Amino acid sequence: GTKLAIINNDNWIVELWDVETQALLLPIFVGHDEILNSVRFSPDGNMLVTTSLDQTVKFWDVATRKELWTLEDYPGRGSILGLSPGGQTLATQITNETGETIIKLWHFNLSLEGLVRVNCDRIRNYLMHSPDISEDDPKLCDGIGTEVEE
């Protein structure tokens, strides 16, 4: 059926509703630490994107309700204007601390492969610089993402 995403700022969550049956589809989307500003579906309906006063943009898998990725340090109060048909570009409107309104385009590779590659790069960087890891841990993401030369 047709789904509707609704912000519930009593708990800083997003609820997903089936429009035809008027039923709340559980589980809900939980992960922001402040009031949510906006929510949008990706063009294919498989992902939600949310913005919040916690200065993050979060990307969610609709099927699993799991957070896929977070864009941190999102400046000021913002809202999502839309996603490109391929889901590769996010358009946002931001009102910064001086009250100026800015339209910003964010370019991403939001495919599962792209998300795995970006996050493996982050994991690899952490593992290379963490003193409390086993000898095999730095090899966790070998062959995925950008190989880091030592």
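Look up: the structure comes first, before these words.
As the structure is a computational prediction, the values presented were derived from the model and not from experiment.

(A) Region of the structure containing the pattern of salt bridges. In total, this model carries 1 salt bridge according to the counting rule given. For the salt bridge of Glu67 with Lys58, the shortest nitrogen-to-oxygen distance reads 3.3 Å.

(B) Representation of the sheet that holds strand S7 (residues 67-71) within the structure. In space, the 4 strands of this open sheet follow the order S4-S5-S6-S7, with antiparallel pairing throughout. On the outer flanks of this sheet lie strand S4 (36-41) and S7, each paired with one strand and no other. With direction set aside, neighbouring strand axes in the sheet form an average angle of 15 degrees. With 5 bridges joining them, S4 and strand S5 (residues 47-52) adopt antiparallel strand pairing. Looking at S5, one finds that Val39 is bridged to Thr50.

(C) Geometry of the environment of Leu16. Structurally, Leu16 is set in strand S2 (residues 13-18). Note: C-alpha distance between Leu16 and Lys3 (13 residues apart in sequence) is 6.5 Å. If near-sequence neighbours (up to four positions away) are discounted, Leu16 is found in contact with Lys3, Leu4, Ala5, Ala23, Leu24, Leu25, Phe29, Phe41, Val62 and Arg65.

(D) Spatial organisation of the nonpolar core. Grouped together as the largest cluster of nonpolar side chains are 13 residues, with contacts concentrated most on Val49, Val57, Phe59, Leu90, Trp106 and Phe108. Taken together, the elements giving at least two residues each to this core come down to S5, strand S6 (57-61), S7, strand S8 (77-83) and strand S9 (89-95). With residues up to four places along the chain from it excluded, the contact list for Val57 reads Val49, Thr50, Thr51, Trp69, Thr70, Leu71, Tyr74 and Leu90. Within the second largest apolar cluster, 9 residues are counted, among which are Leu36, Val39, Leu48 and Val62.

(E) Region of interest: the sheet that holds strand S1 (residues 3-8). Taken together, 3 strands build an open sheet; the order of strands is S1-S2-S3 and the sheet is antiparallel. Either end of the sheet is taken by a strand with one partner, and the two such strands are S1 and strand S3 (23-30). Recorded for the sheet is a direction-independent mean angle of 25 degrees between the axes of neighbouring strands. Strand direction decides the pairing type here: S1 and S2, joined by 6 bridges, are antiparallel. Opposite Ile7, over in S2, you have Val14 as the bridge partner.

The rules behind these values
- Residues numbered from 1 in each chain as written.
- Predicted model: local features only at pLDDT ≥ 70, side-chain atom pairs only at ≥ 80, totals over all residues.
- Heavy atoms only, no water.
- Salt bridge = Lys/Arg side-chain N within 4 Å of Asp/Glu carboxyl O.
- Pairing = 2+ DSSP bridges.
- Helix = DSSP H or I, 4+ residues; strand = E, 2+ residues; numbered from the N terminus.
- Axes fitted to C-alpha atoms, helices over the stretch in contact; angles between N-to-C directions.
- Contact = heavy atoms within 4.5 Å.
- Core = buried A, V, L, I, M, F, W, Y, C linked by side-chain atoms within 4.5 Å.
- Buried < 20%, exposed > 50% of the residue type's maximum accessible area, 1.4 Å probe, protein only.

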